[in-house]
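Structural features, examined
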Amino acid sequence: MAKILVVEDDQDLTTMIRDLLVYEKHTVEIVHCGEDAREHLKMSNYDILILDWTLPDATGVEILKDFRAAGGLTPAIFLTGRSAVADKEVGLDSGADDYLTKPFHMRELSARVRALLRRPARFVHKTLKIRNIELFPLDHKILRDGVEVKLHPKEFALLEFLMRHPSQIFSGEALLSHVWRSDSTASIDTVRQSLARLRQGIDSEKSNPLIRTIYGVGYKLEP
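In this report, the structure presented in the accompanying data block is examined. In this text, all values refer to a predicted model and were calculated from it rather than measured experimentally.

Glancing now at the sheet that holds strand S5 (residues 98-101). Within the open sheet, the 5 strands sit side by side as S2-S1-S3-S4-S5. Their pairing is parallel. Where the open sheet ends on each side, the last strands, each with one partner, are strand S2 (27-31) and S5. Within the sheet, the average angular offset between the axes of one strand and its neighbour, ignoring direction, is 20°.

Right, here's the structure in full:
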């Protein structure tokens, strides 16, 4: 399972892309403008970036150039109606790893995502490690002291989010927005229940818990 950011202002297209990638067991976040894309890239790490060329407030080229200049290594695929060789040169020279011309078949996008995920580990964020916990995003696998721990998908996504943002405090509402963003039936109680099950699975140090509750404020993962 990979964590993928899709930056595309065509909402019908993003729905199709999201449905495809979620079906293939990926975690998908979607934004529709350049400003939101920049904020997400600052706040989180992703395994793949799928980026439209033309956005309401920026171009994909500008966003990707800034991201690469800041040291971002996430593999990126451009989606665009521009098919000229000169445009492809501009896109690839800005730091893109692949270039897909609209209209395209969803199976081709899926194949290109798989191809980028097969790249060497230095290009893909494969493992997160904090204390005695190792999380493998692409394999959807968690080890505690070297022993595999089984978690439900949302608990896995919750732990991954917290491990990507160690020492940061998130309210229950913020966790609900980030982890359950497309689930309209989820509530703050859902977050609390998932945190309780997650702690049972991975938090063995009662005196120095990995996931701390900051009463009246929220929760944070303590490195």
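Let us keep going from here.
All right, on to the sheet that holds strand S7 (residues 133-136) then. Overall, antiparallel pairing links the 4 strands, which are arranged S6-S7-S8-S9 in an open sheet. Either end of the sheet is taken by a strand with one partner, and the two such strands are strand S6 (128-130) and strand S9 (147-149). When the angles between neighbouring strand axes are averaged without regard to direction, this sheet yields 25°. Here helix H6 (residues 153-164) sits on the sheet in contact with S6, S7 and strand S8 (141-144), set at roughly 110° to S7.

Topologically, His-165 is positioned in the loop between H6 and helix H7 (172-179). Residue classification places His-165 among the buried residues on the basis of a relative accessible area of 1%. Within the structure, the side chain of His-165 is placed 2.2 Å from the backbone oxygen of Met-43, a separation counted as a polar contact.

What follows covers the packing of helix H1 (residues 11-23) against helix H5 (residues 106-117). At their nearest, the axes of H1 and H5 sit 11 Å apart, and the two run at 55° to each other. One element, H1, and the other, H5, form an angle in the oblique class. The element H1 and its partner H5 pack so that their crossing is right-handed. For the pair H1 and H5, contact is made by Leu-13, Met-16, Ile-17, Leu-20 and Leu-21 and by Met-106, Leu-109, Ser-110 and Val-113, respectively. Here the residues of the contact of H1 with H5 sort into 8 nonpolar, 1 polar and no charged.

Counting 28 residues, the largest nonpolar core has Ile-142, Leu-159, Leu-175 and Ile-202 as its most contacted members. Counting only elements with at least two residues in this core, the list comes to S6, S7, H6, H7, helix H8 (188-202) and strand S11 (218-221). Per-element tally for this core: the top contributor is H6, with 7 residues. Apart from the residues within four sequence positions on either side, Leu-159 is in contact with Ile-133, Leu-135, Ile-142, Leu-151, Leu-198, Ile-202 and Leu-221. In terms of nonpolar packing, the next biggest core, distinct from the first, is built from 20 residues, Ile-4, Leu-13, Ile-50 and Phe-104 among them.

This part covers the packing of aromatic side chains. Across all of its chains, the model carries 3 aromatic pairs by this definition. The ring of Tyr-46 has Lys-3 lying over it, and the distance from NZ or CZ to the ring centre is 5.2 Å.

To continue, consider the pairing of S11. With burial as the criterion, each face of S11 is covered, one bearing Gly-218 and Lys-220 and the other bearing Tyr-219 and Leu-221. Pairing of strand S10 (residues 211-214) with S11, which is carried by 4 bridges, proceeds in the antiparallel orientation. Counted as the bridge partner of Ile-214 is Gly-218 from S11. Hairpin connection, S10 to S11: the antiparallel pair is bridged by 3 residues, and Gly-216 has positive phi, about 80°.

About the criteria used
- Residues numbered from 1 in each chain as written.
- Predicted model: local features only at pLDDT ≥ 70, side-chain atom pairs only at ≥ 80, totals over all residues.
- Heavy atoms only, no water.
- Pairing = 2+ DSSP bridges.
- Helix = DSSP H or I, 4+ residues; strand = E, 2+ residues; numbered from the N terminus.
- Axes fitted to C-alpha atoms, helices over the stretch in contact; angles between N-to-C directions.
- Contact = heavy atoms within 4.5 Å.
- Buried < 20%, exposed > 50% of the residue type's maximum accessible area, 1.4 Å probe, protein only.
- Polar contact = N/O pair within 3.5 Å; in protein donor to acceptor, adjacent residues only side chain to side chain.
- Parallel < 35°, antiparallel > 145°, perpendicular 65-115°, else oblique.
- Left-handed = near helix turned anticlockwise from the far one by under 90°.
- Nonpolar A, V, L, I, M, F, W, Y, C, P; charged D, E, K, R; others polar.
- Core = buried A, V, L, I, M, F, W, Y, C linked by side-chain atoms within 4.5 Å.
- Phe/Tyr/Trp six-rings, centres within 6.5 Å; stacked < 30°, edge-to-face > 60°.
- Lys NZ or Arg CZ within 6 Å of the ring centre and 35° of its normal.

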